[in-house]
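So you can see what is in the structure, the chains are spelled out below.
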Amino acid sequence: MSTPQTFTASGVFGLKGVVRAPGDKSMSHRALIFGGMAEGVTEIEGLLEGDDILATGRAMQALGAHVERIGEGRWRVEGRGPLRSPEAVIDCGNAGTGVRLLMGAVAGYDLTATFDGDSSLRKRPMKRVTGPLADMGARFDWNAAEDRVPLTLHGGGLKGVTFVQSVASAQIKSAILLAGLNAAGETVVVEPEKSRDHTERMLRAFGAEVEVTEEGAGWRIRLPGGQRLKGTHVAVPGDPSSAAFPLAAALVVPGSEVTVEGVMLNPLRTGLFQTWLDMGADLTIANRRMAGGEEVGDITARHSALKGIVVPEDRAASMIDEYPILAVTAAFANGETVMRGIGEMRVKESDRIALMAAGLSACGVQVEEEPEGFIVTGAPGPVRGGATVDTAHDHRIAMSHLVLGLAAEQPVSVRDPEMIATSFPGFVEMMNGLGAEIGQGG
């Protein structure tokens, strides 16, 4: 069957049901990489089986680990000694997290690996990771002026460094810490504000020594070099970034009540949920419990009368991937929702600020774009809709506009929807199971 050129979402009433979010994308990447670096066997359950994660699994296999799917969401990874030079180029597809963490992981080994990706990944900056890795002793063959993949990394012989980040970034921090495992001496990362801490948590679960201390609004992470990870069991909780889509749909589609079970509630990942509460959302969390070293819970969203707010800029690190879907809910809120301090959105899979502003405007929403953010002025009631939106092959842009279409007066279509599978395989089936109308074509 040919790949659909567009998906179209039409207005509905009363989304209802209970669903489970796919496994967290950040933790899924890390589980495969850490398992491949570790001694012994790592059993993973709840792994996100999206295209980005599968690319990371293939990369670890190429680097010498044994990676095997043993059931739905269940994977077995066996480390087989030090990582080795792959026989071919490592194709990371569209996975920015995957390529940056992989570079950190392999930098500590005496090997050579070439990394590449699809057209989207080839547009994303890499010097933010290659710079600190080069300071540790890694060597790179690439066009540094272009700051993009493809690039070739020559690893081994690293020394620990103290790296002070200019912005909070879990990807940069994680790449440096992974390289530090096999570096001589101590590696320290200082963050100005806190970014997601899955790497620190998971390193401890794999037996590594990691010390984290508060430092101002951020923290200092210290990792002694020369450490070997030990295989373990990893239970991946539901991804809050994915749960955001059915929950957002429930907030804006009249008559709706949707529950998403097993969502990670790490406080460094729940900025969107707090922002919705500030906007007046009817959002409740029940059955809080621990899974895979993280707190999880079941989140229920009901159709709500939302109001515009000024989103605190210091919340950006905890919800940077969720601003596209926040912008959609802001379109249905009464008044201005101001989102600033989010320039990082311009160097994600796409320029998400520009694309969201263009897509919302085409659907009749008032948007003011700024260099480091945007302002959405909404009003109670349905948005006009009626547009076909360019996604630049960005899964979050596509899913966000499809949610918009479910509460719009006229259907909304998105081009090139196949990339949704990178983070949320089964998205359309899940949403239609709740009562949505999302189909191929326009």
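Above this text sits the structure in question.
Keep in mind it's a predicted model, so treat the numbers as computed, not measured. (Residues numbered from 1 in each chain as written. Predicted model: local features only at pLDDT ≥ 70, side-chain atom pairs only at ≥ 80, totals over all residues. Heavy atoms only, no water.)

## Focus on the nonpolar core
Next, step 1: Counting residues in each nonpolar core, the largest one holds 80 residues, and the members touching the most others are W276, Y323, V376, L406, F427 and I438.
Next, step 2: The dominant element in this core, judged by the number of residues it contributes, is helix α7 (residues 240-252), at 9 residues.
Next, step 3: For F427, the contacting residues outside a window of four places in its chain are F245, M399, L402, I420 and I438.
Next, step 4: In terms of nonpolar packing, the next biggest core, distinct from the first, is built from 66 residues, L32, A105, F115 and L158 among them. (Core = buried A, V, L, I, M, F, W, Y, C linked by side-chain atoms within 4.5 Å. Buried < 20%, exposed > 50% of the residue type's maximum accessible area, 1.4 Å probe, protein only. Helix = DSSP H or I, 4+ residues; strand = E, 2+ residues; numbered from the N terminus. Contact = heavy atoms within 4.5 Å.)

## Looking at the packing of aromatic side chains
Next, step 1: Counting across every chain of the model gives 5 aromatic pairs.
Next, step 2: Considering the side-chain rings of F34 and F206, the 5.7 Å spacing of their centres and the 80° angle between planes classify their relative orientation as edge-to-face. Residue F34 is located in helix α1 (residues 25-37), and its partner F206 is located in the loop between α6 (198-205) and β12 (211-215); the two are separated by 172 residues in the primary sequence.
Next, step 3: Judged by relative accessible area, F34 falls into the buried class, the value being 0%.
Next, step 4: On the numbers, 5.3 Å between centres and 65° between planes, the contact of F424 with F427 is edge-to-face. F427 shares its class with F424; the two are buried.
Next, step 5: Through a chain of ring-to-ring contacts, the aromatic side chains of F245, F424 and F427 assemble into a single cluster. (Phe/Tyr/Trp six-rings, centres within 6.5 Å; stacked < 30°, edge-to-face > 60°.)

## Regarding the sheet that holds strand β4 (residues 66-71)
Next, step 1: Taken together, 4 strands build an open sheet; the order of strands is β4-β5-β3-β14 and the sheet is mixed. Looking along the sheet, the strands with just one partner apiece sit at the ends: β4 and β14 (233-235). Strand after strand, the sheet turns through a mean of 20° between neighbouring axes, direction not considered.
Next, step 2: Contacts between α1 and the sheet are confined to β3 (40-45), β4, β5 (74-79) and β14, with β5 contributing the most and set at about 35° to the helix. (Pairing = 2+ DSSP bridges. Axes fitted to C-alpha atoms, helices over the stretch in contact; angles between N-to-C directions.)

## Topic: unusual backbone geometry
Next, step 1: P150 follows V149 through a cis peptide bond whose omega is 10°.
Next, step 2: Looking at the secondary structure, you find P150 in the loop between β8 (139-141) and β9 (151-154).
Next, step 3: Even without a glycine there, the phi angle at D147 is positive, about 60°.
Next, step 4: For D147, the position within the fold is in the loop between β8 and β9.
Next, step 5: The phi dihedral of A392 falls on the positive side, at around 55°, and the residue is not glycine.
Next, step 6: Note on placement: A392 falls in the loop between β22 (388-389) and α11 (395-406).

## Examining the sheet that holds strand β7 (residues 112-116)
Next, step 1: Reading across the sheet, the 4 strands line up as β6-β7-β9-β8 and stay open at both edges, with mixed pairing between neighbours. For this open sheet the edge positions go to β6 (90-91) and β8, each flanked by a neighbour on one side alone.
Next, step 2: In this structure, β8 lies alongside β9, joined through 3 bridges in antiparallel fashion. Paired with R139 across the bridge in β9 is H154.

## Things to note about the environment of R269
Next, step 1: Residue position: R269 is located in the loop between β15 (257-264) and α8 (271-278).
Next, step 2: R269 has contacts with D24, S26, R196, H198, D239, P240, S241, M264, S318 and E322, leaving out every residue within four places of it along the chain.
Next, step 3: Polar contacts involving the side chain of R269 include one to the side chain of D24, which spans 2.9 Å. (Polar contact = N/O pair within 3.5 Å; in protein donor to acceptor, adjacent residues only side chain to side chain.)

## With respect to the pairing of β15
Next, step 1: Judged by how many residues are buried, β15 sits mostly within the fold: 6 of 8 residues are covered.
Next, step 2: Where strand β2 (residues 16-20) meets β15, 5 bridges bridge the pair, whose relative direction is parallel. When the bridges of β15 are listed, R20 appears paired with E261.
Next, step 3: Inspection of the sheet shows β15 paired to strand β17 (residues 294-302) by 6 bridges, in the antiparallel sense. Its bridge partner lying in β17, T259 is registered against T300.

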